[in-house]
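Each chain, letter by letter, is given below.
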Amino acid sequence: EVQLVESGGGLVQPGESLRLSCVGSGFSVGGYWMSWVRQVPGKGPEWVGSTKPDGRDNDSVGSMKGRFTISRDNAKSSLYLQMNSLRVEDTAMYYCVAHGLRSNWGPGTMVSVSS
Amino acid sequence: VLTQTPLSLAVTPGQPASISCKSSQSLPDDNGKIYVYWYLQKAGQPPQLLIYEVSNRFSGVPERFSASGSGTDFTLKISRVEAEDVGVYFCMQVVGGLSFGGGTKVEIK
């Protein structure tokens, strides 16, 4: 069964850091572009950034650029999101998505930033 | 940018529903594939895939769901809405990165 499972979320204070992980199974993670997507409860999804299959050209976008870094370890079928200098507005559910993979999304991992 | 309409839809069970997703740019054809997807997100759940590559129903998706489109215009149709179809529908395109429609909330009258 094709599956993506995110983990690593939690409650942190503004300015702190967090590292999210995503493990894929049932398919070859290394063959896909991978992205992180976030969704504030009650709002639509927002693309965080993506990484090529070879791990190069990792890029986050918008307000996350320079604070969020995407990486991957294809040998471990894993994708990571290092989030630094977290802000209250980064509070959201975070999902990993494999481009072109015919699959439901994983359960996501919730990040809450609050003082 | 993906513009999705309508924002909300109240449908009588058994009646059809249609949701539009318009792209600000014509989507490229990558080896015969256009990467437009449709998802349904039920309350408190992650998105579930309905349609992949414009018009292909995902495994287990009822036949009452269909989709079509090309270029900049894409449409999801439900032939006869059922109570279990309530939730937020959104389109997604894969062109380099990911873009999302704003979502359409479907509820039962």
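Relevant structure appears above.
Residues numbered from 1 in each chain as written. Chains lettered and ligands numbered in written order. Predicted model: local features only at pLDDT ≥ 70, side-chain atom pairs only at ≥ 80, totals over all residues. Heavy atoms only, no water.

Whenever I open this one, the side chain of Glu 53 of chain B confuses me. Can you help?
Looking at where Glu 53 of chain B falls in the secondary structure, it is placed in the loop between strand 5 (48-52) and strand 6 (56-57). If sequence neighbours within four positions are ignored, Glu 53 of chain B has contacts with Arg 102 of chain A together with Lys 33, Ile 34, Tyr 35, Val 36 and Tyr 37 of chain B. (Helix = DSSP H or I, 4+ residues; strand = E, 2+ residues; numbered from the N terminus. Contact = heavy atoms within 4.5 Å.)

What is the right way to look at the interface of chain B and chain A in this model?
Where the parts come together, the accessible area they lose is often given as the size of the interface. Opposite the 20 residues of chain B that make contact, chain A presents 17 residues. When chain B packs against chain A, the two sides together hide about 1,500 Å² of surface, and 62% of this comes from carbon and sulfur. Linking chain B with chain A are one salt bridge, by the criterion used here. Of the charged contacts in the structure, one is a salt bridge between Arg 102 of chain A and Glu 53 of chain B, with a shortest N-O distance of 3.5 Å. Those elements that provide at least two residues to the side of chain B that touches chain A are strand 4 (36-41), strand 5, strand 9 (87-95) and strand 10 (97-100) of chain B. (Buried area = accessible area lost by both parts, 1.4 Å probe. Salt bridge = Lys/Arg side-chain N within 4 Å of Asp/Glu carboxyl O.)

I'm lost on the pairing of strand 2 (residues 8-11) of chain B in this one. Help?
Residues in a regular strand project their side chains so that they alternate between the two faces of the sheet. All names here are of chain B. Alternating positions in strand 2 separate cleanly, Leu 9 and Val 11 being buried on one face and Ser 8 and Ala 10 remaining unburied on the opposite face. By the bridge criterion, four bridges tie strand 2 to strand 11 (residues 104-108) in an arrangement that is parallel. Within strand 11, the position partnered with Ser 8 by the bridge is Lys 105. (Buried < 20%, exposed > 50% of the residue type's maximum accessible area, 1.4 Å probe, protein only. Pairing = 2+ DSSP bridges.)

Sorry if this is basic, but what is going on with the pattern of salt bridges here?
Where charged atoms from two side chains of opposite charge approach closely, those side chains can pair. All names here are of chain A. Enumeration according to the criterion identifies nine salt bridges over all chains in this entry. With a closest N to O distance of 3.2 Å, Asp 54 and Arg 56 form a salt bridge. The salt bridge involving Arg 67 is made with Asp 90; its shortest N-O contact spans 2.8 Å. Taken together, the residues Arg 67 in the loop between strand 6 (59-60) and strand 7 (68-73) and Asp 90 in the loop between strand 8 (78-83) and strand 9 (92-98) connect sequence positions 23 residues apart. Across the pair, exposure class does not vary: Arg 67 and Asp 90 are buried alike. A network of salt bridges, in which partner residues are shared, links Arg 38, Glu 46, Arg 67 and Asp 90.

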